[in-house]
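# What the coordinates show
Residue-level listing of the chains:
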Amino acid sequence: MAQLLILMAKHVRLWLLAPALVLASAVCPADDIPMHDARLHIGTAVTSEVFASWNITVFRDGAGLPPGSGNAVAGEKTFELHCARCHGPLGTRYIGGNQHRNYPSLWGGKGTLNTGEPVQTIGSYWPYATSVFDYIQRAMPFWNPKTMSDNDIYGLTAYLLFRNEIIDKETIIDKNVLHRINMPNRYGFVQPDPRPDTQAVRCMQDCPPIKAPGILKAR
Amino acid sequence: MTKQRKDIDRRRFLQGLGTLVAASGLGINQVFGANSRQPVIEPLKVPDWSRQQGRPAGSLRYGQPSGYESRVQRILTSPVLYDQIPPQPSSSWTYTPLQDLHGSITPNGLFYERHHAGIPNIDPREHRLIVHGLVGQAKMFTMADIKRFPAVTRTHFIECSGNTDTEWEKPTGRTVQETHGLLSCAQWTGVPLNILLKECGIKGSAGWVLAEGADAANMLRSVPIQMALDDVLLVYAQNGEALRPEQGYPLRFLVPGGEGNMNVKWLRRLEISDQPAQSREETSKYTDLMTNGLARQFTFVMQANSVITQPSGSQNLGGHGFYEIRGLAWSGNGKISHVDVSVDGGRNWQPAQLQTPVENKALTVFRFPWEWRGQGHVLFSRATDETGYVQPTRTELVKVRGSHSEYHNNGLQPWEVRIDGSVINSYG
């Protein structure tokens, strides 16, 4: 029964099926997995204090955001201090000097997604403001992650949202405000995965010759 | 013996030799000499290596390939491939030399890389895995704990979702390493995730597993609980030995058939949640922008794909004669059922032979005998998997998705064989 449900789930791609499937699949693993019902009593029970410093996910409803606050005025200073050396003062891709590498654009690109030349930035593309805080907290600055304070990160998040014309320069961001900010591309994503989205067949004789996609567009 | 008979024998000898020469990959000129009409074969000398002791056993405690194979290596991306300005090496990737490998297993030292904050040097004695969230009891595991769990061994490919993204609009990579090299396959050993999660007890409201790594980027991907409990493994070994640091030492979250990015390396935390994290790696990145400006999110599975690795871009065929066209096929939806090969630009196809056993969500080798008579050809391979899905052309993909979806380019790959025997990345 569970195998049938798993098969159904695969083909209709309903990843968000009822939790009942969870329990069903948990007791019916693949053929070669050793079967045992009892717990093995391996590992150590822990409370959340033990892993608090690792428990960093910021969810789209604001869960996981720490205490603290900041606005774009403060964030601009943080940006100049920690971010501009890679992202450049304009938050765009290429800068000069010995940091001449490829860093993603941070703002701009508004209204470009359905043009021939989309520019995907925080403002033009990201669906959730909370993801900005989450990502900076994890991984930025690139060379010295985990060195900024929570206030710094709030200020920086506010600055990036300001530069993307989503909030004012003075708007204060904190854990009650951030998740309420509606990003321009909030509804720009589709789920579930609609693939397969092609209908190729195993043609064996006298099939149409295959050309580069570019040539087809020119017609 | 009559003169006619001698001539026939000599012709047969030369043909046989020619075939042997061609099959060995040598140019005709290397054996025959550029201007000679007669075969000139020097009598064999006794080389140095037959006259003196070689290196003793144990001279390399961890063995290495012959120095004569040193050109077989991973390569970094380059301005030819990536937008003129390369990314920071700590947040970059390397390509596997598919054209130089044999069989379906990628040696550990040649497994492709994609990192976001370089490769951490993790002490396994200090490393921990935390499992928390919608579980009966949050638990912490050491590596010793993880290795005590019942284990399985499975062969699976890992493919970067961005593999072949240089080829969307026009042929760009010069070799199959450059066009398809973000692809490798290994035999993995580890504990099935569902066994480990049973240890903690999953609550009924659980919908997602959030997997996070211990590198400086602490990269996180969210996986639906259904998919996670199906065949996800927590692995600590690749091809018989401990994971390499480049592949996530000491612990990796292995999602068979899933986007490479989902296979979180240096795994430190699993949060069982009722919602996805919506991290940068599943919103800003690894989402597929369509022509209408909407983007597909959570396109987890790497669909059926194939590519000819021999002959392939930048290689050269020697003389005319027999060649075996070889390549790889794979599908994140299960087993490969067919691979067809065309030598005339996709007009006509014939089935190739698959190397058995054909394994689930693993690289499959295919082989196709071919007689090259010196003409120009455009070669293609086309995979079909057990769901019946047939690998599409890039044109078909672009028709549906436009040119900016970036990820999941599993379209047919051309290799043009020119009359001089050179092979280039071209539709002809």
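Residues numbered from 1 in each chain as written. Chains lettered and ligands numbered in written order. Predicted model: local features only at pLDDT ≥ 70, side-chain atom pairs only at ≥ 80, totals over all residues. Heavy atoms only, no water.

### Observations regarding the overall build of chain A
For the record, the criterion: Numbering of helices and strands runs from the N terminus; a helix is a DSSP stretch of H or I covering at least four residues, while a strand is a stretch of E covering at least two. Throughout, a contact is declared for two residues whenever any of their heavy atoms are within 4.5 Å. For every accessible area listed, the method is Shrake-Rupley and the probe measures 1.4 Å; residues are considered covered only by the protein chains on display.
Counting secondary structure elements, chain A contains seven helices and four strands. Look at the contacts in chain A between residues 6 or more apart in sequence, and 56% of them connect residues 24 or more apart. Summed over its atoms, the accessible surface of chain A is roughly 11,900 Å², and 57% of this surface lies on carbon and sulfur atoms.

### With respect to the interface of chain B and chain A
In many analyses, interface size is given as the accessible surface area lost on bringing the parts together. Stated precisely, the cut-off is as follows: Note: buried area is the sum, over both parts, of the accessible area (probe 1.4 Å) each one loses when the two are combined. Any Lys or Arg side-chain nitrogen located within 4 Å of an Asp or Glu carboxyl oxygen qualifies as a salt bridge. N or O atoms closer than or at 3.5 Å make up a polar contact, with two conditions inside protein: a donor-capable atom paired with an acceptor-capable one, and, for residues adjacent in sequence, both atoms drawn from side chains. Classification used: nonpolar for Ala, Val, Leu, Ile, Met, Phe, Trp, Tyr, Cys and Pro, charged for Asp, Glu, Lys and Arg, polar for all others including Gly. Should DSSP find at least two bridges between two strands, the strands are taken to pair.
The interface of chain B with chain A comprises 108 residues on the first partner and 91 residues on the second. Together, the buried faces of chain B and chain A total about 8,600 Å²; carbon and sulfur atoms form 57% of this surface. Residue aspartate 340 of chain B pairs with arginine 202 of chain A through a salt bridge whose shortest N-O separation is 2.7 Å. The tally of links from chain B across to chain A stands at 40 residue pairs in polar contact (both at pLDDT 80 or more). Looking at which element gives the most residues to the side of chain B that touches chain A, the answer is helix α7 (residues 394–401) of chain B, with seven residues. Within the side of chain B that touches chain A, the residues separate by chemical class into 47 nonpolar, 37 polar and 24 charged. The pairing of strand β1 (residues 44–45) of chain A with strand β5 (residues 139–141) of chain B spans two bridges and is antiparallel. Along β5 of chain B, the bridge assignment pairs threonine 44 of chain A with methionine 140 of chain B.

### With respect to the confidence of the model for chain B
All names here are of chain B. The test is simple: Residue-level confidence of the predictor, termed pLDDT, takes values from 0 up to 100.
Of the residues in chain B, 90% have a pLDDT of 70 or more, and the chain-wide mean is 92. Low pLDDT, under 50, characterises residues 16–36; the stretch is placed with 24 contacts to residues that sit more than four places away or in other chains. For this predicted complex, the interface confidence reaches an ipTM of 0.88, while the overall pTM sits at 0.88.

### Topic: the packing of helix α3 (residues 72–82) of chain A against helix α6 (residues 150–163) of chain A
A packed helix pair is summarised by two numbers, namely the angle formed by the two axes and the spacing between the axes. All names here are of chain A. Just so we agree on the cut-off: For helices, the fitted axis covers only the stretch in contact; all axes are lines through C-alpha atoms, and the angles between them, taken along N-to-C directions, range from 0 to 180 degrees. Note that the term roughly parallel is reserved for angles under 35 degrees, roughly antiparallel for angles over 145, roughly perpendicular for angles of 65 to 115, and oblique for everything else.
Packing of α3 against α6 leaves a shortest axis separation of 7 Å and a crossing angle of 100 degrees. What the angle tells us is that α3 and α6 run roughly perpendicular. Contacts between α3 and α6 involve Ala72, Gly75, Glu76, Thr78 and Phe79 on the former and, on the latter, Asp152, Gly155, Leu156, Ala158, Tyr159, Leu160 and Phe162. Partitioning the contact of α3 with α6 into residue classes produces seven nonpolar, three polar and two charged.

### Describing the pairing of strand β13 (residues 267–273) of chain B
As a general feature of sheets, a regular strand has side chains that alternate between the two faces. All names here are of chain B. The condition is simple: Accessibility here uses a 1.4 Å probe with only protein chains present; expressed as a share of the type maximum, an area under 20% marks a residue as buried, one over 50% as exposed, and anything in between as partly exposed.
β13 sits mainly inside the fold: seven of its seven residues count as buried. Pairing of strand β4 (residues 129–133) with β13 involves four bridges; the strand directions are parallel. Residue pairing for β13: valine 131 is matched across the bridge by leucine 270. As defined by bridge partners, strand β8 (residues 208–213) adjoins β13 across six bridges and the pair is classed as antiparallel. Across the sheet, the residue bridging to glutamate 212 is arginine 269, located in β13.

### Re the packing of aromatic side chains
Spelled out, the test is: Only Phe, Tyr and Trp rings take part, Trp by its six-membered ring, and two of them pair if their centres are within 6.5 Å. Stacked means planes under 30 degrees apart, edge-to-face means over 60, and tilted covers everything else. Any Lys NZ or Arg CZ found within 6 Å of a ring centre and within 35 degrees of that ring's normal is scored as a charge over the ring.
Inspection of every chain in the model, using the stated rule, returns 16 aromatic pairs over all chains. Aromatic side chains tryptophan 107 of chain A and tyrosine 159 of chain A sit 6.0 Å apart centroid to centroid with 85 degrees between the ring planes, which places their arrangement in the edge-to-face category. With a gap of 52 residues between them, tryptophan 107 of chain A in the loop between α4 (84–87) and α5 (130–139) and tyrosine 159 of chain A in helix α6 connect regions that are remote in the sequence. Given a relative accessible area of 10%, tryptophan 107 of chain A falls into the buried group. The class for tyrosine 159 of chain A is buried, based on a relative accessible area of 3%. Between phenylalanine 298 of chain B and phenylalanine 300 of chain B the ring centres are 5.5 Å apart and the planes differ by 25 degrees, which places this aromatic pair in the stacked class. Among the residues examined, phenylalanine 298 of chain B registers a relative accessible area of 4% and is labelled buried. A relative accessible area of 2% means that phenylalanine 300 of chain B is categorised as buried. For arginine 382 of chain B, the ring lying beneath its charged end belongs to tryptophan 349 of chain B, and the centroid distance is 4.2 Å.

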